[in-house]
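Observations on the model geometry
These are the residues of each chain, in order.
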Amino acid sequence: AHLLQFGNATLPIASLMALFIGGVLALQTGSRLADFGLEGNIGGIVGLSMVKELGPVMTSLLVAGRVGSAVAAEIGAMNVYEEIDALKTLDINPVRYLVMPRLLASVVAVPALCMYVNVIGLVGAAIVSAVNPQIGVSPRLFRLSFQEVVKFGDILDSIIKSVVFGTAVALACCHVGLRTTGGPEEIGRAVTRAVVLSFMLIFVLNYVITRSLM
């Protein structure tokens, strides 16, 4: 159920986001490359941007906003209405019972979603590159340029980033949820705190991982 929440619930909006991000990347990059007669390199440039940076970051931000907020609200509500105290009374560890399933779901779903976003983004970029007369790069040339520039190590970097981001989002949202106390109005504040904390962690970790993988 948690895997479905993290993966399936985010799929439609992730598809739309990836398609248009890929299209915009191709539009902006392709027109500049065409000025210098280098439009044939668009597949590699857009592919590298998508795989190493935009794919994992945008996917994680989307998961944090779409699913992380729901996780924080759900656990926060349980804490406010003393359901977590009831679990402790029954000798059930709240971390093991509430946090671990969501953490595992996030670690599995975010990388899978990231790979999906990368593919859809590249499809969007390839379509725009082929259709736009200013660029005029065929899907075959786009693919060849992508294969020439993007290596297996780059895809591995994308997976590593998305695993780390997925872990950070799940832990941040569960942590904020577990620390929520007071009345129902605190649940709304907890959701905002969880999303802001997740976003900050993603940006900071993105810099740290990019620096360490160079």
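Provided above is the structure to which this section pertains.
The subject of this paragraph is the pattern of salt bridges. Applying the stated criterion across every chain yields a total of five salt bridges. The residue K52 makes a salt bridge to D154 at a minimum N-O spacing of 3.6 Å. Of the two residues, K52 is situated in helix α3 (residues 42–80) and D154 in helix α7 (residues 152–178); the sequence distance between them amounts to 102 residues. The exposure class of D154 is buried, given its relative accessible area of 13%. The shortest N-O distance in the salt bridge between E74 and R102 comes to 2.9 Å. Taken as a pair, E74 in helix α3 and R102 in helix α5 (residues 94–131) lie far apart in primary sequence, 28 residues in all.

For the rest of this paragraph, the subject is unusual backbone geometry. Although it is not a glycine, E82 adopts a positive phi angle of roughly 60°. When you line up the elements, E82 lands in the loop between α3 and α4 (83–89). On the basis of relative accessibility, which here comes to 53%, the residue E82 falls in the exposed class. Positive phi, close to 65°, is recorded for D91, a residue that is not glycine. Residue position: D91 is located in the loop between α4 and α5. By relative accessible area, D91 is classed as exposed at 72%.

About the thresholds
Residues numbered from 1 in each chain as written. Predicted model: local features only at pLDDT ≥ 70, side-chain atom pairs only at ≥ 80, totals over all residues. Heavy atoms only, no water. Salt bridge = Lys/Arg side-chain N within 4 Å of Asp/Glu carboxyl O. Helix = DSSP H or I, 4+ residues; strand = E, 2+ residues; numbered from the N terminus. Buried < 20%, exposed > 50% of the residue type's maximum accessible area, 1.4 Å probe, protein only.

These results come straight from atomic positions and should not be treated as a statement about function.
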